Amino acid sequence: MRHDEFLARVRERGEYAKQEEAAQVTRAVLDVLAHRITPGEVKDLAAPLPAGFPPATPFCSGSPT
């Protein structure tokens, strides 16, 4: 699945008006998760996600802060 397709699904399921809002919510949820699970779990959860999530986020880098 491509990044834009993933966000379109988030937007639809979350009933967000804009894809930008879905992207913000997605990043926020992934960042919160990254702080609550182990680095190994972060890596496992991130593996199937489409490319395009900012690598600067703790979730995508696999190293919670």
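This section reports on the structure supplied with the text. Note that the structure is a prediction, hence the values are computed from the model and not measured. (Residues numbered from 1 in each chain as written. Predicted model: local features only at pLDDT ≥ 70, side-chain atom pairs only at ≥ 80, totals over all residues. Heavy atoms only, no water.)

As for the packing of helix 1 (residues 3-14) against helix 2 (residues 19-36)
Logical step 1: Put simply, helix 1 and helix 2 touch, their axes get as near as 8 Å, and they point 95° apart. By the angle class used here, helix 1 and helix 2 are roughly perpendicular. Between helix 1, through D4, F6, L7, A8, V10 and R11, and helix 2, the contact on the second element is made entirely by Q19, A22, A23 and T26.
Logical step 2: Across the contact of helix 1 with helix 2, the residue classes tally to six nonpolar, two polar and two charged. (Axes fitted to C-alpha atoms, helices over the stretch in contact; angles between N-to-C directions. Helix = DSSP H or I, 4+ residues; strand = E, 2+ residues; numbered from the N terminus. Parallel < 35°, antiparallel > 145°, perpendicular 65-115°, else oblique. Contact = heavy atoms within 4.5 Å. Nonpolar A, V, L, I, M, F, W, Y, C, P; charged D, E, K, R; others polar.)

Things to note about a nonpolar patch on the surface
Logical step 1: On the surface, a nonpolar cluster with roughly 220 Å² of combined accessible area is contributed by V29, L33 and L45.
Logical step 2: Judged by relative accessible area, V29 falls into the partly exposed class, the value being 45%. (Patch = residues over 30% accessible without salt bridge, like charges linked within 9 Å, V, L, I, M, F, W, Y side chains within 5 Å. Areas by Shrake-Rupley, 256 points an atom, 1.4 Å probe, with all protein chains shown as cover. Salt bridge = Lys/Arg side-chain N within 4 Å of Asp/Glu carboxyl O. Buried < 20%, exposed > 50% of the residue type's maximum accessible area, 1.4 Å probe, protein only.)

Structural notes on the side chain of T26
Logical step 1: Residue placement: T26 occurs in helix 2.
Logical step 2: Judged by relative accessible area, which is 8%, T26 ranks as buried.
Logical step 3: In this structure the side chain of T26 is engaged in a polar contact, spanning 2.7 Å, whose partner is the backbone oxygen of A22. (Polar contact = N/O pair within 3.5 Å; in protein donor to acceptor, adjacent residues only side chain to side chain.)

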